[in-house]
Amino acid sequence: ELDTPEARAPHVLAVDDLLLFRTVPRARRGPSLDVGVPLKPVLQRYDDVGLRTKPSKVHDYEAAQDLLGYRLDCNVLRSSVERYAQLRRGVAALESRGWAHSREVEQLVGRFTHAFLLHRPALSVFSAVYAFGQKVGDRRAQVWPSVMKELRQALALLPLVRSDLSRPVSPVLVQTDACGTGCAAVYTT
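Residues numbered from 1 in each chain as written. Predicted model: local features only at pLDDT ≥ 70, side-chain atom pairs only at ≥ 80, totals over all residues. Heavy atoms only, no water.

## What about the overall build of the protein?
Counting its regular elements, the protein contains six helices and eight strands. Taken from N to C terminus, the helices and strands of the protein fall in the order α-α-β-β-β-α-β-α-α-β-α-β-β-β. Looking at the 189 residues of the protein, the share that counts as buried comes to 24%. Sequence separation of at least 24 residues holds for 54% of the intrachain contacts in the protein that already meet a minimum separation of 6. Element-wise, carbon and sulfur atoms account for 54% of the exposed surface of the protein, whose accessible area totals about 14,000 Å². (Helix = DSSP H or I, 4+ residues; strand = E, 2+ residues; numbered from the N terminus. Buried < 20%, exposed > 50% of the residue type's maximum accessible area, 1.4 Å probe, protein only. Contact = heavy atoms within 4.5 Å. Areas by Shrake-Rupley, 256 points an atom, 1.4 Å probe, with all protein chains shown as cover.)

## What about the nonpolar core?
For soluble globular proteins, nonpolar side chains are generally found buried alongside one another. If you look at the biggest cluster of nonpolar residues, it comprises 31 residues, and the most contacted ones within it are L94, V105, F112, F116, F126, V147 and L151. Going through the elements one at a time, β2 (70–73), α3 (81–97), α4 (102–116), α5 (128–136) and α6 (145–157) are the ones with two or more residues in this core. The element that contributes the greatest number of residues to this core is α4, accounting for six residues. (Core = buried A, V, L, I, M, F, W, Y, C linked by side-chain atoms within 4.5 Å.)

## Concerning the sheet that holds strand β1 (residues 64–67)
Taken in spatial order, the four strands make up an open sheet running β1-β2-β3-β6, and their pairing is antiparallel. The sheet terminates laterally at β1 and β6 (162–164), the two strands that pair on one side only. With direction set aside, neighbouring strand axes in the sheet form an average angle of 20°. Across three bridges, strand β3 (residues 76–79) lies against β6 in antiparallel orientation. By the bridge assignment, L77 is partnered in β6 with S163. (Pairing = 2+ DSSP bridges. Axes fitted to C-alpha atoms, helices over the stretch in contact; angles between N-to-C directions.)

## Observations concerning the pattern of salt bridges
This structure, assessed with the given rule, holds four salt bridges. R103 is the partner of E106 in a salt bridge, and the nearest nitrogen-oxygen pair spans 3.2 Å. Highlighted residues: E106 and R103, both in helix α4, separated by three residues, approximately one helical turn. For E106, a relative accessible area of 36% corresponds to the partly exposed category. (Salt bridge = Lys/Arg side-chain N within 4 Å of Asp/Glu carboxyl O.)

## Some thoughts on unusual backbone geometry
For C74, which is not a glycine, the phi torsion comes out positive at approximately 50°. Topologically, C74 is positioned in the loop between β2 and β3. Residue class for C74 comes out exposed when judged on its relative accessible area of 56%.

## Structural notes on the environment of A154
Note on placement: A154 falls in helix α6. Once the C-alpha coordinates of A154 and S124 are considered, the two residues, 30 residues apart in sequence, prove to be 9.5 Å apart. Excluding residues that lie within four positions of it along the chain, A154 makes contacts with F112, F116, V125 and F126.

As structure tokens, then:
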């Protein structure tokens, strides 16, 4: 049952990357106050429960920084210049070669998908790339013109995809997963 102590106890705790954002209210006059969470207590809590952190991946808040293939700049998250360059090179290599294994196209689409998670409607550009993967299977084949068109469109959309983190968010965090009984939903405030 959802309202029991057992339901509140975590079943699995997996932390890949932790992003700590500080909320800085925008004031009309005077300096804004930093009301965020300091990094040191968070790292101490990780240590208290036995979770290790990778020092190379631990950075305190900066107004402009690169993280997880994104660029955070003044509360706006978008693809980093490096990520854009990698995708541009991948699409250009595929176009110049003219053939590919379905796995190569899937890897490119996966990288685009990661970038498009900032604005999910951008994923609607893809259709033929999925059909190509299913039709070609494990062999190599000539890249369909429709696949190249979708990859070029995705590349053109990439600089426009962004997420403004200063927008208000829901007070409830809901996570769902596929489940045959319909019970794979958790929430917290």
